[in-house]
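# Architecture at a glance
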Amino acid sequence: EGADRSSSKRSGMSFPMGLRRLPGRSGLRIAVRRCANFARLVDRSQNVVPCYTAVRNRLQPEVEEEVGQNDQGYTHMIQWSTESSGLGVIRAEGVGRSKRMAKNEACRSIVRQTLQVPETLPASNAYAAQWAVNQLQRSLAADVEIQEEPKEDGMFVHSVSFSVNLDSGNVSVTARGEGESLAESQRACMLTLWEELRPQLEQLTNSVPEVSESGSRKRIANVGSSVRGNQVAERHNVLVQRLKIQPEFDITQVDGGFSAIVRWRWTSWLDGELQTHEAEASGEGRSKALAKAAAMEKIMVEQGHLTAMEPDFLKRVDELGTLLSDPGTIEEAAQRTVELIQERPPQDWREFVPGVWKQLLAENREEELNQVLTGIREAAAAEGSTGIPSDVWEELLDSCTPIVRHRGALATQMMLQFDGLNLDPQGFGGELEHRYFKRFRHLLALERHGAYIQGIQLYTQDFDRQQPLPMLLRLHDAPKKGVGNMMFTTETPFRSGNSGEELRSNDVVLMVPLEDGQRFDAMTAEDKLWGDGSFLAYVGNIKRDHSGSRLSCNMLSGRGTSQSLEVGNEFQVYRITMDTPIMRMVEAMRALCLTTAPRWREPSYFPRSCMAYDDSIRSIVLDPASETSKQLANESVEGVEFDPTMAPGTLTEDQQRAVAKSMTQRVTLIQGPPGTGKTYTACAVISTWLQQMDPTEKILAVADSNVAADNIVAKLRAFGVDAVRIGDGVGDAVRDYVDGTFDDGSLARAIADGDGQATSKRHMMLARAVRSQQVTVSTCVGAGMEMLDDHRFTRVLVDECSQAVEPSALIPLSRHCERLVVIGDHRQLPATVISNHCQRLGLGRSLFEALIDART
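Residues numbered from 1 in each chain as written. Predicted model: local features only at pLDDT ≥ 70, side-chain atom pairs only at ≥ 80, totals over all residues. Heavy atoms only, no water.

### What to know about the overall build of the protein chain
- Each helix and strand in the protein chain was counted, giving 28 helices and 23 strands.
- Burial analysis of the protein chain (856 residues in total) assigns 55% to the buried set.
- A separation of at least 24 residues holds for 68% of the contacts in the protein chain among residues at least 6 apart in sequence.
- Accessible surface computed for the protein chain: about 37900 Å², of which carbon and sulfur atoms make up 45%. (Helix = DSSP H or I, 4+ residues; strand = E, 2+ residues; numbered from the N terminus. Buried < 20%, exposed > 50% of the residue type's maximum accessible area, 1.4 Å probe, protein only. Contact = heavy atoms within 4.5 Å. Areas by Shrake-Rupley, 256 points an atom, 1.4 Å probe, with all protein chains shown as cover.)

Here you go:
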């Protein structure tokens, strides 16, 4: 409806959406031709449901469905009733060996019947038009670039270009569209593009791979090269950002395609002078994107950031991508993958193993997954092999975590086998780092997976109480492949129904597709939440404008060839968890153990430069039972004698001894049952440290829970110490104290004025306070906040250490800790661990318990 209110522009002329320019042909012939080409796309099984959904969204019919069984397998009946389109009542029945095949056949029949009515065709259906363009783009590796332009007369404007070089010649089309909102403008743009592509449809669809009688797709040359091109482009983008390179591109059209030149310009210090460097490389391809990818790959190889790959190997990798796109040839893809694994050195596995692994997970192919994993295990353990590279091992492991289909049984089964793979020691500081990283990185992946499963189970166990977020998201922009960024739109605010908690960036949500826009109830919730169409997504940016809100998400799990994800699909949203805690633990572990990694890896793969460990603390954490670690932990360091009269109250003899030890030892463990004043003793340690420290030195005091962190702040006030409390989950009393102590007035004014800037003002106030104050308090996970990146906290105190998993305690230690006090009681409740497998494998054992057991 929004698209119908818009207008499209071609050659400087405006046409209402209901009118079309028909030069030289009758309307009837145009409709028939469009039907023939559109129906050809619908013949492909993976296109049926998306097209069916697009046309249904346009017509809004009353839908009746019935599923049954007969001697031939399953049956699926669909009946549409609609008056507005002139279709009346149409009915179709499909039969197939599976429910999916039966539904596809019924949907295909419905779509073919609707094609007889011109209003249902893409020329007047925005969602179907965008779907059809996307199908051509994916199948032909075409360049499609859509851009938002400045408003015209208050209307939003988009422009789009479509170009591809085929054996029969080059096709290049541009179009513009406008609308009252961004969504309407983009839809109008895609409608216009489809209309402009109409004269070339015969040429384009003849170039799309055919479907054979067996259902397998005939392969065409270079169909998989777009996958390689995307991979190269991603690596190049990360690399130039990391090295602060300024790239420039020149693209020209040549016979058979396009030629691209990439130029690098960067600076570096050499012999005390700032030197400017330049480099250049060229490449060719049948599309602009592939030409750019060829140039980017060449320059990265020439500059030593990428290993050169021979054409025959890349061709075989491309063929894997083609085989994976068809369910009928996935088994062959797995076999070829194992052959490549056995033939190629482990460093080349990065080019094909992760892509194959993710697609097999998305297709739920257990037999093929085990086949590939066995091939990796045998090749990594073979004589002369260094083992699987750590970044590839992590990528395969992390690919399993968001797979929640069938309650995550297959993903868990795969992940449990990763501990037995031979991990390449290259890039680690030594054998201790290698062993430590492999153990805890594996456990954290299992724990992350367990958190996803538990988050979904909370809804299935009590659906009526654990309501979804009261918003209906409509897919506005879909990724080209199984994993990528998506844009959703909604007219409702991003808040949950029960607690009013606002949906935030970094949340992990479950997207559940809705059929016919109908929400489901508790009776059907379990099947829907665990269904094949549901997937986990990572929330990115949230933007609001006058027409509604837009939500950017990153799809965490791939999707199978049978799973539709097209513009216009509607989803119900369920908030599952946050990834921030585990990702900060992983970052702290990488800082502890890794020394090198490929520079083109995503920025999130690398620990921030601010995270660094003192050599002595590193040795104690990695091997607390060694004699060296025990000597380092108990080694006398410069300090002052503790004066018990400085405490605001009386300290017991044991408390005094604990504080005195912490003044002169590198590492001190303070153990005591409940009610013995452990937190009070912690504050006495901090107060005494302040007496002996240089005013420029800083203390970081952390606890596992927000309540315990707030208690530290409150008790420090009794010692006359003002501490900065950072992080989420701060109690009201402590928040009021911190705001009243460190606010320069700007936060109070923002709150009083209600200008919506209170959150950012508070963040700036806390950042100033961290710079000016010597003591900062947070949770263990909160110690990973970027606010602390510019500071060194040479003295760290960890309260409740026995209730924190060991990787969580690493986060504050990575802030340049040189003196450490850990407080807890390993005889109380252990650390909270969600995954039963992690509990059995020892993730619940805290750093406090490890140091106690090692008698450090």
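### Some remarks on the sheet that holds strand β20 (residues 724-725)
- Overall, parallel pairing links the six strands, which are arranged β18-β23-β22-β19-β21-β20 in an open sheet. Single-partner strands in this sheet number two, and they are β18 (667-671) and β20.
- Of the pairings in the sheet, the one linking strand β22 (residues 795-799) to strand β23 (residues 819-824) comprises four bridges and is parallel in character. Counterpart to Val798 in the pairing with β23 is Val822. (Pairing = 2+ DSSP bridges.)

### Overview of the packing of helix α17 (residues 580-593) against helix α26 (residues 806-813)
- In the contact formed by α17 and α26, the axes pass within 8 Å of each other and the chain directions differ by 65 degrees. The orientation of α17 with respect to α26, classified from their angle, is roughly perpendicular. Note on packing geometry: the crossing formed by α17 with α26 is left-handed. Two secondary-structure elements touch here, α17 through Arg584, Met585, Ala588, Met589 and Leu592 and α26 through Pro807, Ser808, Leu810 and Ile811.
- The class makeup of the residues in the contact of α17 with α26 is seven nonpolar, one polar and one charged. (Axes fitted to C-alpha atoms, helices over the stretch in contact; angles between N-to-C directions. Parallel < 35°, antiparallel > 145°, perpendicular 65-115°, else oblique. Left-handed = near helix turned anticlockwise from the far one by under 90°. Nonpolar A, V, L, I, M, F, W, Y, C, P; charged D, E, K, R; others polar.)

### Remarks on helix α18 (residues 615-622)
- Extensive coverage of α18 is indicated by the burial of six of its eight residues.
- Where α18 is concerned, the buried positions are Ser616, Ile617, Arg618, Ile620, Val621 and Leu622.
- Looking at where α18 begins, the residue whose side-chain oxygen comes 3.0 Å from the main-chain nitrogen of Ser616 is Asp614. (Polar contact = N/O pair within 3.5 Å; in protein donor to acceptor, adjacent residues only side chain to side chain.)

### Re the pairing of β22
- When you tally the buried positions in β22, you get five out of five residues, the bulk of the element.
- The sheet contact formed by strand β19 (residues 699-703) and β22 spans five bridges and is parallel. Residue pairing across strands places Ile699 opposite Arg795, the latter belonging to β22.

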